[in-house]
Structures are given as C-alpha cells and as structure tokens.
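Observations on the three-dimensional arrangement
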Amino acid sequence: MSTENRRIDIRAGVMARNDASASRIRAVLERNRILGINIISSPGAGKTTLLESLGGRLGPELAVIEGDVRTRRDADRLISLGIRAWQIETGGACHLDAPSVEAAIEGLELDGMGNRFLVVENVGNLICPSSYYLGEHLKTGMLSLPEGDDKILKYPALFSSIDLLLMSKIDLGACMDFDVERAEAECRSINPGVRIIRVSARSGEGMGELESFFRAKHAEVYG
Ligand SMILES: Nc1nc2c(ncn2[C@@H]2O[C@H](COP(=O)(O)OP(=O)(O)O)[C@@H](O)[C@H]2O)c(=O)[nH]1
Ligand SMILES: [Mg+2]
C-alpha cells in the first residue's frame, strides 16, 4: 500500500471513530433534552466572556465544556460564577475531538441534572476544529471586530459550514475599521442559510437575541 493510501486510511479511521463517539454524545444530549452548541473562533474573540454573560441569563440551564491547550483558566472563570463547567486540556492538539468531549460529558455528569444547553468552547483556532463533528445541534462561528473584516473568505471551511455566526465585540464598531455589512455578505455568499447575530458581551447588545435564538432552537428540536 502506498504511503498516500495509508495516510487516507488512517484519517478515515480517525474520522469514523470521531463520528461514532459524536453519535453517542448526541444520544446523551437527546436523552436529557439538551441542545448542544459548538463555538469556534480565534483565541481572544470573546467566547468565554460571552459564556459568562450567557450564564447570567440561563443560570442552571447552562453547562459548558472548555477546550484549551493548557490551563483550567476558562473553566475556573465560569465555575467562579456558579456555571457548571468542565475543562479539557488537549496538551497540544489544536481542536477538540468527540472522544475527548464524550469523556468530559461523563465528568460533568449531565444525566438528570436538568441542564438545557451544553456549550462546547472549542480550542481557539479557525481551521482544525471545523472538521470535527462533536454531536452538536448548532455549529457556531465567532468573528470579533479586532480580527478584521476580511477573514471570512480566508477560512471558508469554517464559515461555510456553520449554522450561526456571532459578530462579536460589536461595541468596538466606532473605533474599528471593520465593515460589518461586508463581512456578513461574504459569509452569506458561501453559506446562504447562516443566521448572523451581532453581539457584545461588554454592552449586552445582541445577548437577548442570542438567548431567544437558543431557546427557539431548543423548542424546534425538543418541542
Ligand atoms: N470590547 C469588548 N471586549 C471583549 C468582549 N468580549 C470579550 N472581550 C475581551 O476580549 C478578551 C478575550 O476575551 P475571552 O472571552 O477570554 O476570549 P476567548 O479566548 O475567545 O475565550 C478579553 O480581554 C475580554 O475582556 C466584548 O464584547 N467587547
Ligand atoms: Mg476562552
């Protein structure tokens, strides 16, 4: 067998294992009537700050799995606010895969706890996480204003495959040279069905819309 064929076989095996695990995650979510949300962005786009703000709205309905290469900092931030959270330290991997999330779900002991939303904050990276299905109902991308309005088409694998785009740090609009309409139009050009919400965890703009969207999606999935 050629080296190239062996590489393809190994990758297919990894993806098959991932997807089998993602199906088991989906079964746990459905047994508990939990909506799964996978959030993917660059480091520093504002994922954890958004979750801190969301925790203030959803309270005990929210549970979070945090992914970082090292440190428990993000989970500790959320736990200090009373949010149910579990930290995955990948030790080097640039994304979360379903087996690591499946193990984290066991650690969180979701069964029977009454959570309605499980958010997975993926490792900060616009490339690798987009290939790994984690059993989520909503694949979410986030782009913050300081990153620049030209990024959507540079990372098409992510931005063409998301259900929801969060344009974050929208409070910085006045001092950033970021054309929000351009970025949104570019996302729609490769992903016509995408839902876009402009948010600021700092000012609170868009947080009500985001909460309503999550609740509507929960109702759509579970009635
Ligand atoms: N101006 C502004 N800053 C924000 C907002 N959200 C997060 N930040 C800041 O952005 C930095 C990174 O935030 P963090 O939530 O840790 O990003 P993460 O790496 O995506 O989880 C921090 O200094 C936050 O205070 C926002 O809505 N507006
Ligand atoms: Mg974070």
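See the structure above.
Quantities reported herein were computed from a predicted structural model and do not represent experimental measurements.

**Notes on the sheet that holds strand β7 (residues 195–198)**
Pairing is parallel in the open sheet, where 7 strands are placed in the order β3-β2-β4-β1-β5-β6-β7. Edge strands, defined here as strands with exactly one partner in the open sheet, are β3 (84–89) and β7. Across the sheet, the mean angle from the axis of one strand to that of its neighbour is 20°, orientation sign disregarded. Direction of pairing for strand β2 (residues 62–68) relative to strand β4 (residues 117–121): parallel, over a ladder of 5 bridges. Each bridged residue has a counterpart across the sheet, and for Leu62 the counterpart in β4 is Phe117. Strands in contact with helix α2 (residues 47–58) are β1 (35–40), β2, β4, β5 (138–144) and β6 (164–168); relative to β2, the strand with the most contacts, it is inclined by about 170°.

**So, unusual backbone geometry**
The phi dihedral of Thr71 falls on the positive side, at around 80°, and the residue is not glycine. The class for Thr71 is partly exposed, based on a relative accessible area of 34%. Even without a glycine there, the phi angle at Lys169 is positive, about 60°. Structurally, Lys169 can be placed in the loop between β6 and α6 (180–190). By relative accessible area, which is 27% here, Lys169 ends up partly exposed.

**Digging into the coordination of the magnesium ion (ligand 2)**
Geometry reference: four tetrahedral donors at a metal, ideal angle 109.5 degrees. Six octahedral donors, ideal angles 90 or 180 degrees. The coordination sphere of the magnesium ion (ligand 2) contains the protein donors Thr48 (OG1), Asp74 (OD) and Glu121 (OE), at a distance range of 2.1 to 2.2 Å. Mapped onto the sequence, the donors of the magnesium ion (ligand 2) take the spacing T-x25-D-x46-E. Highlighted residues: Asp74 in helix α3 (residues 73–79) and Glu121 in strand β4, separated in sequence by 47 residues. For Asp74, a relative accessible area of 11% gives the class buried. On the basis of relative accessibility, which here comes to 3%, the residue Glu121 falls in the buried class.

Cut-offs and rules
- Residues numbered from 1 in each chain as written.
- Chains lettered and ligands numbered in written order.
- Predicted model: local features only at pLDDT ≥ 70, side-chain atom pairs only at ≥ 80, totals over all residues.
- Heavy atoms only, no water.
- Pairing = 2+ DSSP bridges.
- Helix = DSSP H or I, 4+ residues; strand = E, 2+ residues; numbered from the N terminus.
- Axes fitted to C-alpha atoms, helices over the stretch in contact; angles between N-to-C directions.
- Contact = heavy atoms within 4.5 Å.
- Buried < 20%, exposed > 50% of the residue type's maximum accessible area, 1.4 Å probe, protein only.
- Donors = N, O, S within 2.8 Å, 3.2 Å for Na, K, Ca; no water.

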